[in-house]
Amino acid sequence: LIARAQAGDFEAFTTLVNANKNKIYALALKMTSNAQDAEDVVQETFLKAIDKIDQFRGESSFGTWLYAIALNQARAHLAKQKQTDLKPIEEYLPTRSAEDLHSSGSHNLFDWKDPHQLLEDEQLKAIIDTAIADLPVKYREVFLLRYIEELSIKEIAKIINESVASTKSRVLRARLALRDQISKALEDNYG
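Description of the structure in this document. None of the values given here were measured: they were computed from a predicted structure.

Let us look at unusual backbone geometry. Although it is not a glycine, Ser-33 adopts a positive phi angle of roughly 60 degrees. Along the polypeptide, Ser-33 turns up in the loop between helix H2 (10-32) and helix H3 (35-52). For Ser-33, a relative accessible area of 64% puts it in the exposed group. Of note, the phi angle at Asn-161 is positive, near 60 degrees, even though the residue is not glycine. Following the sequence through the fold, Asn-161 ends up in the loop between helix H8 (153-160) and helix H9 (164-190). Overall, Asn-161 belongs to the partly exposed group, its relative accessible area being 44%.

Have a look at this one:
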């Protein structure tokens, strides 16, 4: 099965993934303490495994190899999350520059960002993140590869073992599904 997966047989790889996905998800959930983050780690793990399957030497079980990848992906995810949480102080300071303050003659030193706008921005981000997470996996993976990882259609086609035309179609369907979900969520929340 592993040899077939290394030779490019996507069905063999899918069988290997299906045999291990619950264990990998459980590990990711324990590492991130968040179902959505755990799903992201699992997806990143399997994308990395697809990319690196030719490097698997059989010195350990396939499941152990996947665990190592998942652990690294979870660590990377948590590190990225920590960086996001620790924003530089400049991001919390006023948006007006010293030149703007001087030229306007204003003695108002602080022009803080509008808290209502910040809240709306956070809500919109949450709606988009949820909509992406709710996409069926076959659409979510191509959407993330195309628009988050910024891979070309040709690269994505190679990763998912589909034709370029089929991949273009899947990316388009992902965009349309995401648009529909976001529109519905915005209508529910703001309409």
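This brings us to the pattern of salt bridges. Per the stated rule, a full pass over the model turns up 6 salt bridges. A salt bridge links Glu-162 to Arg-170, with the shortest nitrogen-to-oxygen separation between them at 3.4 Å. Three or more residues are tied together by salt bridges with common partners; here these are Glu-141, Glu-162 and Arg-170.

One pass over the full model with this rule turns up 5 aromatic pairs. Relative to Trp-65, the ring of Phe-56 lies with its centre 5.2 Å away and its plane at 55 degrees, an arrangement referred to as tilted. The class for Phe-56 is buried, based on a relative accessible area of 8%. By relative accessible area, which is 16% here, Trp-65 ends up buried.

Calculation rules
Along each chain, numbering runs from 1 in the same order as the chain's sequence is written. Selection of residues for local features in this predicted model requires a pLDDT of at least 70, selection of side-chain atom pairs for listing and counting requires 80 or more, and totals for whole chains, interfaces and linings are taken over all residues. The basis for every side-chain value is the complete set of heavy atoms in the structure, and neither hydrogens nor water enter the calculation. In this text, helices come from DSSP runs of H or I with a minimum length of four residues, and strands from runs of E with a minimum of two, each type numbered from the N-terminal end. The buried label applies to any residue whose accessible area, calculated with a 1.4 Å probe on protein chains only, is under 20% of its type's maximum; exposed applies above 50%, and partly exposed to all values in between. The salt bridge definition used is simple: a Lys or Arg side-chain nitrogen within 4 Å of an Asp or Glu carboxyl oxygen. Stacked, tilted and edge-to-face are the three classes assigned to paired rings of Phe, Tyr and Trp, where Trp is represented by its six-membered ring and a pair needs centres within 6.5 Å; plane angles under 30 degrees give stacked, over 60 edge-to-face, the rest tilted.

This is a description of form; function is not addressed.
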